[in-house]
Amino acid sequence: MIRFIIRRREHPIPYSHASLISIFVSILISLAILTMFGINPVIAVWEAFIYPLISGYGWSGVLRNALPLLLCGIGLIIAFRAGVWNIGAEGQMLLGAIVATWVALYFMPDKPSIIVIPLMFVLGFIAGGVWGLIAGILKSKWNVNEVLTTMMLNYVAYQLVYYLVMGPWQDPVTNYPVTKPFPPNACLPKISKTFPVPIPTLIIAIISALFVYVLLFHSKLGYEIRAIGSNPDAAKAYGISYEKIVMIAMFLSGGFAGLAGVNAVAGAIPAQLRRPEQVSRGYGFIAILVAWLAGLHPIAAILTSILMGIFFIAGSSIEIIFHTGVETTNLFIGSLLLVLSVAETLRHYSIRVKFTSSLFKIGKKSSGG
Amino acid sequence: MSQNLAVKMVNITKRFPGVVANDKVNFELKIGEVHALLGENGAGKTTLVNILCGLYEKDSGEIYVWGKKVEIRSPKDAIRLGIFMVPQTPKLASSLSVIENIVIGLKNSGIIMPIRKIRKKVVEIRKKYNIIINPDAKIYQLSAAEQKRVEIIKALIRGAKILIFDEPTATLSPPEKQKLFRFMRQFADEGNSVIFITHKISEALEVSDRITVMRKGKVIGTVLTKDATPSLLTRWMFGTNLNLEINSSKVNSGKILLKVVDLWVKNDAKEIVVKGISFDLFSGEILGVAGVAGNGQKELVEALVGLRPVARGKIFVDSGNNLVEITRFPPKIRIKYGISFIPDDRIRYGIVPDMSIMENLLLGFHDKKEFTGAFLLKWAEIKKWAEKLVKKYRIIAPNLNTPAKYLSGGNIQRLILAREMARNPKIIIAAYPTLGLDAFSTQYIRNTLVKLKEKGVGILLISEDLDELFELSDRIMVMSDGRIKGILPKEKASIEIVGKLMTKGDVK
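Parameters at a glance
Residues numbered from 1 in each chain as written. Chains lettered and ligands numbered in written order. Predicted model: local features only at pLDDT ≥ 70, side-chain atom pairs only at ≥ 80, totals over all residues. Contact = placed C-beta atoms within 7 Å. Helix = DSSP H or I, 4+ residues; strand = E, 2+ residues; numbered from the N terminus. Nonpolar A, V, L, I, M, F, W, Y, C, P; charged D, E, K, R; others polar. Expected span 1.5 Å × (residues − 1). Bend = angle between axes of the 7 residues up to and from the residue. Buried ≥ 20, exposed ≤ 12 C-beta atoms within 10 Å, placed from the backbone. pLDDT = per-residue confidence, 0-100. Pairing = 2+ DSSP bridges. Axes fitted to C-alpha atoms, helices over the stretch in contact; angles between N-to-C directions. Parallel < 35°, antiparallel > 145°, perpendicular 65-115°, else oblique. Left-handed = near helix turned anticlockwise from the far one by under 90°. Core = buried A, V, L, I, M, F, W, Y, C linked by C-beta atoms within 7 Å. Domains from an automatic or database assignment.

Chemist: Before we move on, can you summarise the interface of chain A and chain B with the specific residues and values?
Modeler: Each side of the interface is counted separately: chain A has 26 residues, and chain B has 39 residues. The set of elements that each furnish at least two residues to the side of chain A that touches chain B consists of helix 8 (220–230) and helix 9 (232–237) of chain A. With 6 residues, the single largest contributor to the side of chain A that touches chain B is helix 8 of chain A. Looking at the side of chain A that touches chain B, its residues break down into 10 nonpolar, 10 polar and 6 charged.

Chemist: Help me get a handle on helix 2 (residues 41–55) of chain A, residues and values and all.
Modeler: Residues and elements named next belong to chain A. Between the first and last C-alpha of helix 2 there are 20 Å, a value that for 15 residues agrees with the 21 Å anticipated at 1.5 Å per step. For helix 2, the principal kink sits at E47 and spans about 35°. Considered for burial, the residues of helix 2 that qualify are A44, A48 and P52. Those residues of helix 2 hidden inside the fold are in contact with helix 1 (15–36), helix 3 (57–81) and helix 13 (298–322). Immediately beyond the C-terminal end of helix 2, within one or two residues, lies G56, with a positive phi of roughly 90°.

Chemist: Describe unusual backbone geometry, naming the residues involved and giving the relevant values.
Modeler: Residue I269(A) is joined to P270(A) through a cis peptide bond whose omega torsion reads -10°. Residue N143(A) is not a glycine yet carries a positive backbone phi of 55°. With a phi angle near 50°, R394(B) is a residue other than glycine that sits in the positive phi range. Looking at the element boundaries, R394(B) is found in the loop between helix 13 (379–392) and helix 14 (409–421). By C-beta crowding, R394(B) is classed as partly exposed, having 13 other C-beta atoms within 10 Å.

Chemist: Summarise the confidence of the model for chain B; cite the residues concerned and give the values.
Modeler: The predicted model of chain B averages 85 in pLDDT, with 93% of residues at 70 or higher. Scored as a whole, the predicted complex attains pTM 0.75, and scored at its interfaces, ipTM 0.82.

Chemist: I'd love a proper account of the sheet that holds strand 4 (residues 60–65) of chain B, names of residues and values included.
Modeler: Residues and elements named next belong to chain B. With antiparallel pairing, the 4 strands of this open sheet are ordered in space as 2-1-4-5. Two strands in the sheet have a free side with no partner beyond their single neighbour: strand 2 (19–30) and strand 5 (68–70). Within the sheet, the average angular offset between the axes of one strand and its neighbour, ignoring direction, is 25°. Along the sheet, helix 1 (residues 45–52) makes contact with strand 1 (5–16), strand 2 and strand 4, crossing strand 1 at roughly 115°.

Chemist: Requested: an account of the packing of helix 3 of chain A against helix 13 of chain A, with residues and values cited.
Modeler: Residue and element names in this part refer to chain A. Running from N to C, helix 3 and helix 13 point in directions that differ by 135°, and their axes come no closer than 7 Å. Considering their axes alone, helix 3 and helix 13 lie oblique with respect to each other. Classified by chirality, the crossing of helix 13 by helix 3 is right-handed. Where helix 3 abuts helix 13, its residues G58, G61, V62, L63, N65, A66, L69, L70, G73, I74 and I77 lie against P298, A301, I302, S305, I306, M308, G309, I310, F312 and I313. The class makeup of the residues in the contact of helix 3 with helix 13 is 15 nonpolar, 6 polar and no charged.

Chemist: Report on the pairing of strand 2 (residues 349–355) of chain A, specifying residues and quantitative values.
Modeler: All names here are of chain A. Sparse coverage of strand 2 is indicated by the burial of 0 of its 7 residues. In terms of strand pairing, strand 1 (residues 2–8) meets strand 2 through 7 bridges, oriented antiparallel. When the sheet's bridge partners are listed, I2 is paired in strand 2 with F355.

Chemist: Any details on the nonpolar core? Residues and values, ideally.
Modeler: In terms of nonpolar packing, the biggest core is built from 186 residues, with C72(A), A249(A), A266(A) and I429(B) touching the most fellow members. In terms of residues, this core owes the most to one element, helix 10 (residues 242–266) of chain A, which gives 16 residues. Inspection of this core shows a minimum of three residues originating in each of domain 2 (251–338 + 425–508) and domain 3 (350–424) of chain B. Ranked by size, the runner-up nonpolar core spans 61 residues in total, among them F27(B), C53(B), M85(B) and V150(B).

Chemist: Got a sec to walk through helix 7 (residues 199–218) of chain A? Specific residues and values, please.
Modeler: Residue and element names in this part refer to chain A. Spanning 20 residues, helix 7 covers 28 Å between terminal C-alpha atoms, matching the ideal 28 Å at 1.5 Å per step. Residues of helix 7 that are buried include every one of T201, L202, I204, A205, S208, A209, V212, L215 and L216, and no others. Those residues of helix 7 that are buried lie in contact with helix 3, helix 5 (113–142), helix 8, helix 10 and helix 13.

Chemist: Before we move on, can you summarise the domain arrangement of chain B with the specific residues and values?
Modeler: Under the domain assignment used here, chain B contains domain 1 (5–238), domain 2 (251–338 + 425–508) and domain 3 (350–424). For domain 1 of chain B and domain 3 of chain B, the distance between their C-alpha centres works out to 38 Å.

Chemist: Requested: an account of the sheet that holds strand 18 (residues 458–462) of chain B, with residues and values cited.
Modeler: Residues and elements named next belong to chain B. An order of 16-17-18-13-19-20 is seen for the 6 strands of this open sheet, with the pairing classed as mixed. Each end of this open sheet is capped by a strand with a single partner; those strands are strand 16 (339–342) and strand 20 (483–489). The mean inter-strand angle of the sheet, taken between neighbouring strand axes irrespective of direction, is 15°. Note: strand 13 (residues 286–290) against strand 18, 4 bridges, orientation parallel. By the bridge assignment, I286 is partnered in strand 18 with I459. Strands strand 16 and strand 17 (427–431) of the sheet are contacted by helix 14, whose axis makes an angle of about 180° with strand 16. Against the sheet, helix 15 (residues 439–454) engages strand 13, strand 17 and strand 18, with an angle of about 150° to strand 18.

Chemist: I'd love a proper account of the packing of helix 1 of chain A against helix 14 (residues 328–348) of chain A, names of residues and values included.
Modeler: All names here are of chain A. For the pair helix 1 and helix 14, interaxial distance at closest approach is 8 Å and the crossing angle is 135°. With respect to their mutual orientation, helix 1 and helix 14 come out oblique. When you trace helix 1 past helix 14, the crossing you get is right-handed. Counting all contacts with helix 1, which are made through A18, I21, S22, I23, V25, S26, I29, S30 and I33, the residues of helix 14 involved are L331, F332, S335, L336, V339, L340, A343 and R347. Counted by class, the contact of helix 1 with helix 14 contains 12 nonpolar, 4 polar and 1 charged residues.

This is how it looks when you write it as structure tokens:
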């Protein structure tokens with residue numbers, strides 16, 4: 001008889017250990033699957049992870065992916081810490097992108113960069129924030145499930161972008177579903193031609209991560225956010241307003257995603273608004289993974305967003321070199337998501353398999369759980 | 001090995017991080033006896049029976065059941081040996097019926113549930129043990145006592161030979177308790193065995209054949225009940241002759257602090273459960289609220305502290321020279337008017353378990369000027385203040401950054417008390433403040449409440465422990481079915497009168 005003995009661990013495995021092990025295991029699984037498609041895993045590791053990173057050219061790609069993931073990720077960390085499950089970073093990002101496009105092309109197309117670029121980020125933050133706030137208000141006033149509302153607002157934002165790029169804002173020259181390219185003063189300056197990482201976004205992302213850390217762990221508001229998220233009943237009983245905190249958390253959460261949206265248009269080459277899936281590119285969803293993998297810690301999110309950026313580059317390297325199609329990045333990220341979900345359970349429970357014949361003969365020796 | 005032993009546990013040791021919960025414990029349960037396992041909270045009683053039930057794995061030691069050495073690795077193993085636990089809080093599926101709960105998990109029940117067969121058995125059990133229950137009622141419709149009956153029936157139908165009751169009397173009214181004791185007796189007399197876990201000496205003496213006392217993870221001794229005396233058991237339980245007397249003086253000044261007028265409140269299921277309650281709470285008095293749990297006390301408390309909307313009626317508090325209505329105010333404003341809350345469900349309403357001790361002490365103080373600027377919290381100041389409170393209220397923990405969830409029940413309650421007292425409250429709403437605490441924490445909390453009362457604080461004390469209510473209260477208000485059945489000055493109240501009001505609702 002086979003017996004599975006499942007026990008709750010007296011001390012759960014620390015989150016950081018589980019994250020590191022998950023990353024390692026998920027890479028092994030991905031490589032195993034690639035091997036089944038006839039790809040030599042040693043060459044795959046070299047081409048996907050080692051060569052792009054030691055040669056340097058890969059790092060600009062890593063950062064170009066990591067920055068929007070970090071911005072969306074720290075926003076989600078605020079919402080998740082408040083106990084609000086914001087699944088709508090995609091939509092909030094798109095709203096930031098729409099407003100940035102409006103500033104660049106219609107509101108002040110001929111003002112200098114020093115005015116236009118900060119204004120794009122400020123208004124982009126507000127636009128993303130308002131998109132998040134809609135779900136926040138519905139949740140706090142009428143207890144509408146935020147998972148559904150944020151998700152549905154994603155689709156609204158998708159359609160809004162489609163409407164703009166195929167309708168009033170469509171580039172009359174090309175007739176593709178894109179807007180005109182931004183004027184040069186609204187394009188984010190890059191570090192260099194060969195290392196095209198947008199400087200403002202890089203600075204804003206790092207400062208934002210530090211700011212969110214201070215906000216959550218050293219400010220009154222952050223204290224209230226964590227108290228509401230961790231035990232709303234006690235927090236309410238001692239005078240913290242649930243409604244207020246949910247709304248603020250959703251506004252800030254959407255705001256940071258909005259910043260990523262500004263970068264997605266003004267930092268793109270060429271800078272313009274395109275079809276929504278080419279703007280948000282699933283960052284808003286993958287940022288959920290960035291946030292969880294970081295244990296909802298904004299500083300750790302810097303590392304996890306870079307890791308996810310590496311996965312993007314690893315995936316596209318393999319796609320190009322081995323002609324595997326475009327799903328390799330999703331393979332890496334998908335296996336990580338699965339392994340991380342399993343790890344979350346195994347952190348708390350141990351499972352042992354026993355082969356026994358009858359109750360009275362079970363193991364002579366005893367051991368701790 | 002002697003033939004009449006049901007269970008023999010030899011040298012059982014179980015360590016938890018930082019504490020030895022069971023230290024070489026020896027325990028014997030005879031066939032046909034009710035064996036009381038006596039000790040204060042944290043003595044290791046529950047750990048011991050959890051090992052017997054397969055919920056914990058022992059670190060070392062041996063267990064013999066029916067004379068055979070066994071390894072109990074999971075509750076399944078225990079059930080196969082006929083060992084069943086009736087848990088302190090029933091573990092039933094609340095939206096299913098009684099009969100469905102009984103059938104769930106029954107062995108060899110196949111795809112079609114053997115409802116009819118089980119129904120017959122339930123009737124047999126009713127005849128035999130006089131356990132009355134409507135098999136088609138849904139669990140959520142049942143009282144705590146009735147749910148306990150369902151747990152017992154479940155165990156009986158599965159062929160229990162050894163029944164373990166973990167603090168079964170906590171939520172029962174006096175007559176229900178008597179019924180339970182009669183059942184234990186009858187069940188044991190039929191050749192089965194009962195382990196009765198309790199921290200009340202009087203209950204152990206009342207129902208058991210033998211008593212084993214545990215203290216700090218060790219067995220202090222086992223004695224035949226007929227040879228046991230309360231003073232011997234007290235000495236064994238606490239190591240000293242504990243003086244549990246409290247000197248409470250009368251200081252009621254006649255000034256009204258809290259006035260409740262015709263209060264009606266709904267529960268979560270939108271049923272009216274507080275039905276027109278009016279009372280005054282005076283400065284310098286403890287007003288005890290007696291009643292079986294589930295008669296509207298929870299909703300009354302939540303309405304008073306602002307966690308539950310009021311359907312009808314008004315609540316006023318003293319604001320220095322006149323009464324201010326606070327019926328619709330949120331908790332934040334009520335705290336400002338001097339209302340402090342010591343909640344019954346400490347983990348849910350009293351602390352944020354994942355946050356540190358320091359952060360938990362800060363709850364409700366976090367927007368005070370001393371502790372926060374416009375944006376940043378002043379952690380240095382907070383730390384100094386928290387250290388003082390931890391020392392003053394003897395909260396025992398590795399350090400201020402320890403998450404509150406790792407504290408023992410007594411320490412959690414001292415943390416809540418420390419925080420609430422630091423507000424300098426005028427009114428304290430204390431719901432079951434000593435429930436489940438060890439004797440010393442209980443004593444500490446009772447003494448603190450009396451001291452505050454002597455300083456002029458008005459205290460509303462909700463408790464099921466009639467001894468506690470009689471010891472502390474100046475007046476006792478009895479609640480039953482959401483109504484006040486009487487407010488008696490302490491001199492005129494007796495356990496009999498209050499007990500009758502609690503259960504029957506009328507006395508004359």
